[in-house]
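Listed here are the chains, written in short residue letters.
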Amino acid sequence: MKQILEAALQQAAAQLLGDSSVLPVQLSRPKLKEHGDYASNIAMVLSRRLRRKPQEIAADILRLVRWPEAVERAEIAGPGFINIHLKQASEAGVIGRILAEGDAYGWQERHTPMRICLEFVSANPTGPMHVGHGRGAVVGDVLAAVLQAVGHEVVREYYINDAGAQIGVLANSVWLRMRELAGEEVVFPDNAYPGEYIVDIARALLQETPMETWRGMDEEERRQAIGAAAVEANMAAIRADLEAMGIRFDVFFSERKLHQSGKVTELIEKLKADGLIYEGVLPPPKGKQVADYKPVRQWLFRATEFGDDVDRPLMKQDGTPTYFAADIAYHFDKHQRGFDRMIDVWGADHGGYVTRVQAAMKALIGKDRQPDVLLVQMVNLTRDGKPVRMSKRAGTFVTLREVVDEVGRDAVRFNFMTRRSESQLDFDLTTAKQQSDENPVYYVQYAYARASAILRKAAEQGFSEEGEADFSHLRTHEEKRLISALIEYPEVLAKAAERLEPYRVATYAMRLAADFHSYYHKHRVMTDNPSLTRARLLLIRAMRQVLHNALTVLGVSAPERM
RNA sequence: GCGCGGUUAGCUCAGUUGGAUAGAGCGCAAGCCUCCGAAGCUUGAGGUCACAGGUUCGAAUCCUGUACCGCGCACCA
């Protein structure tokens, strides 16, 4: 409907201008119902170009425009808005469509769906996930669902950083614990991972293979073996945690295998051949002091030519590739796998990384093919309003799993979705657990359960939803609002997909629930007028269906009773 | 010092890419269950949209600067 109206206005405006050049006609949904079902500001936008008053232009447009059947009337209001009122029956027709389409309402089909690689979580396999990872996981998962809903093909991908120095540190940490378990007195260096899970891994390894065998190994061989086993154990835990949140991936992509395949060195060669790297010395970083800075010659990518601040090293002093080099190779690999678009969901602490990866992709595959990066801000975890200290060293680290186990998957997922990714998120364990007003997930689920209860009750009492439905009965203020919200759902999905803002689905669900609760309190569904009752029951059923669809996208359950 | 994000009611946040009287929840005040689920609803009080300029018919929204908070800043990931 929105597109049809926009096209009609566009045509009229073009006629007025005597010029068919594309101009953006955007319809909005007015906050006030008196302002119609849709409103256009086109007259005000054209005011400057035509050097005439917006009201006059609006009047001309109204003379020229050819409205579709569904429009009841259009009027000029305020400073020059064109407010469009639709015929009630055509608005309410959405109820029939929702009930016919069912779970598919809101989904769109595309002639040429995009193949999108959506990378998210990618938590390092050196320990359990924390709540920050959890937020990124939910954002990524819901975004994937949103993109699929509007007709794209999405591959959910997890990049495992199972290479590099950190794995050496991990292996060493486990080895120290193994020696400790064997009765040795050991000192743990500052950079060793302190968690209890390291001890568990150490214990498991000792059960599999006796200490003498480990001691007998060559040092490098032992580090490899322990590192690989520890990565595997951590990844198993991470997968289980993701599972507990209802998150699945299509691809787990190993950095180690990327190196083994030779793709990283190949890529460096390619950059070299393209003249995109050079051997040089970086100046010391400005501002923050780096104690051990030493000028050193290394291979540098010409990032500054593609919008970055400084050129970026691809090789470490010891001759091995940097993480950055592997990451370029990884993104290049995505490109080669034929994706039309790449989206990365990263934690805010990786923010400094965005420009350089985009610069590299700009250099390699062109300006328009850069990955879109969503930076998800930090989560401030509190309990009873007091901050929970997240110190790894002190061992007061709260894992994602503990939070999910404590407050439940639905509450965690929904709460992570109630704010834009750019906003830091306060998450209070106590209120998230409470079934209180402060907890939006129950508000929405309660609306679903309540609607379910009404439909159950109606069936028990013999009210029928069968037969001819006359939606012209639905003319109260609350009914119009509710219907308007139902119509809006596909538009919300489209906008969420376009702007990569999955939280919109959650705020929409809250709005729909609120409209329903208000309606429920103001009007009785079951009346002594069978025709009216039928129309209202179908409205409730449609509302319930849309709420169900939105909750499905959010990965939150829709309970019929609670 | 530089980059990114943030700053809207006492608190936590929305605000449809520049529109109509800036909205929710919590908290506060006052109401609503002999009536389909009160985990809900209604009403009220509460605002210098951080600050200062600018752009225009119109700015919480765009541009410049300032302040404060968070994250990051070679050879870790």
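Residues numbered from 1 in each chain as written. Chains lettered and ligands numbered in written order. Predicted model: local features only at pLDDT ≥ 70, side-chain atom pairs only at ≥ 80, totals over all residues.

**Brief notes about the overall build of chain A**
Note the cut-off: Each helix is a run of DSSP H or I of at least 4 residues and each strand a run of E of at least 2, with the numbering of both proceeding from the N terminus. Throughout, a residue-residue contact means that the two C-beta atoms, derived from backbone geometry, are no farther apart than 7 Å.
If you tally the helices and strands in chain A, you get 20 helices and 15 strands. Its C-alpha atoms give chain A principal-axis dimensions of roughly 85 × 60 × 40 Å. Contacts spanning at least 24 positions in sequence make up 74% of the contacts within chain A whose residues lie at least 6 apart.

**Some points on unusual backbone geometry**
For clarity, the cut-off: Put plainly, a residue is buried at 20 or more neighbouring C-beta atoms within 10 Å of its own, exposed at 12 or fewer, and partly exposed in between, counting only other residues' C-beta atoms, which are placed from the backbone.
At Ser122, a position not held by glycine, the phi torsion is positive, near 45 degrees. Structurally, Ser122 is set in the loop between strand 5 (115–119) and helix 5 (131–149). A count of 23 C-beta atoms within 10 Å places Ser122 in the buried class. Of note in this structure, Leu500 is not a glycine but carries a positive phi near 55 degrees. Tracing the backbone through its elements, the reader meets Leu500 in the loop between helix 18 (477–499) and helix 19 (503–522).

**Side note on the environment of Trp175**
Its place among the elements puts Trp175 in helix 6 (residues 165–181). Take Trp175: there are 22 C-beta atoms within 10 Å of it, and that puts it in the buried class. Considering only alpha carbons, one finds Trp175 and Met526, 351 residues apart in sequence, at a separation of 70 Å.

**Points about helix 20 (residues 530–554)**
Turn by turn, an α-helix covers 3.6 residues, leaving residues three or four places apart pointing in a common direction. The condition is simple: Take the residue count of a helix, subtract one, and multiply by 1.5 Å to get its expected span.
For helix 20, built from 25 residues, the straight-helix expectation of 36 Å at 1.5 Å per residue is met to within 8% by its first-to-last C-alpha distance of 36 Å. Two residues or fewer past helix 20, Gly555 is found with a positive phi of approximately 70 degrees.

**Here we look at the confidence of the model for chain A**
Applied cut-off: pLDDT measures how confident the predictor is about each residue, on a scale from 0 to 100.
With 97% of its residues at a pLDDT of 70 or more, chain A shows a mean pLDDT of 90. Interface confidence for the predicted complex, expressed as ipTM, amounts to 0.95; the pTM equals 0.94.

**Some thoughts on the domain arrangement of chain A**
Selection criterion: For each domain, the first and last residues come from an automatic or database assignment. Think of it as three bins: nonpolar holds Ala, Val, Leu, Ile, Met, Phe, Trp, Tyr, Cys and Pro, charged holds Asp, Glu, Lys and Arg, and polar takes everything else, Gly as well.
Domain boundaries assigned for chain A yield domain 1 (2–86), domain 2 (91–110 + 437–554) and domain 3 (120–260 + 377–434). Taken residue by residue, the interface counts five residues in domain 1 and seven residues in domain 2. In the side of domain 1 that touches domain 2, the residues fall into one nonpolar, no polar and four charged.

**Overview of the nonpolar core**
Worth spelling out the cut-off: For the purposes of this analysis, a nonpolar core is taken to be any set of buried Ala, Val, Leu, Ile, Met, Phe, Trp, Tyr and Cys residues that are connected through C-beta atoms within 7 Å.
Val146, Leu486, Val505, Ala509, Met543, Leu547 and Leu554 are the most contacted members of the largest nonpolar core, which totals 96 residues. Lining this core are residues from two domains, each supplying at least three of them: domain 2 (91–110 + 437–554) and domain 3 (120–260 + 377–434). Sequence-distant contacts of Val146, that is, excluding residues within four places in its chain, are made with Leu493, Ala496, Ala497, Pro502, Val505 and Val553.

**Focus: helix 6**
With 17 residues, helix 6 extends 24 Å between its outermost C-alpha atoms, agreeing within 8% with the 24 Å of an ideal straight helix rising 1.5 Å per residue. What helix 6 keeps buried is the set Ile167, Leu170, Ala171, Ser173, Val174, Trp175, Arg177 and Met178. Where the residues of helix 6 are buried, they touch helix 7 (196–208), helix 8 (211–216) and helix 9 (219–244). Two residues or fewer past helix 6, Gly183 is found with a positive phi of approximately 100 degrees.

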